[in-house]
Amino acid sequence: MSSRNNLLLIRQLDSKLQTIMPLQKVMIPKEGWINIIRKTLNMSLSQLGKRMNITPQSVRALELREKEGTLSLKSLKEAAEALNMRLVYGFIPKEDSLEKMVERKAYEMAMEVVNRTSITMKLEDQENSPTRIKQAISEMADELKREMSKKLWD
């Protein structure tokens, strides 16, 4: 895939992810979504179990697994259906965007390579100026970002 396509794909995906960014402020209920929605609807374990074709004890186990973070997406989807809801699933970048994440990784890698080279040159009495080092880091980071090398993630 060309570097232009990579950047385009990153920007398109970033645009999609921006629509769900506000969800990062939503706090997951301490007892889990299934439990709080079931209780808010005043639905018993038996009633939800009947909708899911499982026992009340299995519903309770389901709620506990959600609370512990060990519930499968399939089971979450089934519970959502039984609650007349839809499961929404996604990832939100810890940074502002995927593009920013790539830029940061490219800059870190470039800084490492340029500084290593700079130390070698200094030992050979061919030291570059701080301005030239900054420029080299910037140029290499831009190139790494453009290439989208798999090495960025090592």
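Please refer to the structure placed before this passage.
Residues numbered from 1 in each chain as written. Predicted model: local features only at pLDDT ≥ 70, side-chain atom pairs only at ≥ 80, totals over all residues. Heavy atoms only, no water.

### Some points on the pattern of salt bridges
Pairs can form between side chains of opposite charge once their charged atoms are near each other.
At step 1: Summed over the entire model, instances satisfying the criterion amount to eleven salt bridges.
At step 2: A salt bridge links Glu-31 to Lys-67, with the nearest nitrogen and oxygen atoms 3.3 Å apart. Of this pair, Glu-31 sits in the loop between α1 (3-20) and α2 (33-40) while Lys-67 sits in helix α4 (residues 56-68), and the two are 36 residues apart along the sequence.
At step 3: One salt bridge in this structure joins Glu-99 and Lys-145, with 3.1 Å as the shortest N-O distance. (Salt bridge = Lys/Arg side-chain N within 4 Å of Asp/Glu carboxyl O. Helix = DSSP H or I, 4+ residues; strand = E, 2+ residues; numbered from the N terminus.)

### So, α2
At step 1: Within α2, the full set of buried residues consists of Ile-34, Asn-35, Ile-37 and Arg-38.
At step 2: The inward-facing, buried residues of α2 contact α3 (45-52), α4 and α5 (73-82).
At step 3: After α2 finishes, the residue Asn-42 shows a positive phi value of roughly 60°. (Buried < 20%, exposed > 50% of the residue type's maximum accessible area, 1.4 Å probe, protein only. Contact = heavy atoms within 4.5 Å.)

### What to know about the layout of surface pockets
One way to see where empty space is left: roll a probe the size of a water molecule over the atoms.
At step 1: Volume-wise, the largest pocket comes out at about 1,000 Å³.
At step 2: For the lining of the largest pocket, the secondary-structure elements that each account for two or more residues are α2, α4 and α5.
At step 3: Classifying every residue of the lining of the largest pocket by side-chain character gives 20 nonpolar, five polar and five charged. (1 Å grid on protein atoms, 1.4 Å probe; cavity = no way out; pocket = protein on both sides within 12 Å on 5 of 7 lines; lining within 4 Å. Points joined across faces, edges and corners; volume = space filled by probe spheres on them. Nonpolar A, V, L, I, M, F, W, Y, C, P; charged D, E, K, R; others polar.)

### Some points on a nonpolar patch on the surface
At step 1: Together, Leu-23, Val-26, Ile-28, Trp-33, Ile-36 and Val-88 make up a nonpolar patch on the protein surface, roughly 580 Å² of accessible area in all.
At step 2: Inspection of the secondary structure puts Val-26 in the loop between α1 and α2.
At step 3: On the basis of relative accessibility, which here comes to 43%, the residue Val-26 falls in the partly exposed class. (Patch = residues over 30% accessible without salt bridge, like charges linked within 9 Å, V, L, I, M, F, W, Y side chains within 5 Å. Areas by Shrake-Rupley, 256 points an atom, 1.4 Å probe, with all protein chains shown as cover.)

### Considerations on the environment of Arg-86
At step 1: Within the element layout of this structure, Arg-86 appears in the loop between α5 and α6 (98-123).
At step 2: A C-alpha to C-alpha distance of 9.4 Å links Arg-86 and Leu-76, two positions ten residues apart in sequence.

### Focus: the side chain of Glu-99
At step 1: Mapped onto the elements of the fold, Glu-99 is located in helix α6.
At step 2: Discounting residues that sit within four places of it in the chain, Glu-99 has contacts with Leu-7, Ile-10, Arg-11, Asp-14 and Lys-145.

### Observations regarding the environment of Val-59
At step 1: Inspection of the secondary structure assignment puts Val-59 in helix α4.
At step 2: Distance in space between the C-alpha atoms of Val-59 and Ser-138 is 55 Å, their sequence separation being 79 residues.
At step 3: With residues near it in sequence (within four places) discarded, Val-59 still touches Leu-45, Leu-48, Gly-49 and Ile-54.

### Some thoughts on the side chain of Glu-66
At step 1: For Glu-66, the location among the structural elements is in helix α4.
At step 2: Despite its burial, Glu-66 remains without a salt bridge, the nearest opposite charge being carried by Arg-60 at 8.6 Å.
At step 3: A polar contact is formed between the side chain of Glu-66 and the backbone nitrogen of Ile-34, at a distance of 2.9 Å.
At step 4: Residue contacts for Glu-66: discarding those within four places in its chain leaves Gly-32, Trp-33, Ile-34, Asn-35, Leu-71 and Leu-76. (Lys, Arg positive; Asp, Glu negative; His and termini not counted. Polar contact = N/O pair within 3.5 Å; in protein donor to acceptor, adjacent residues only side chain to side chain.)

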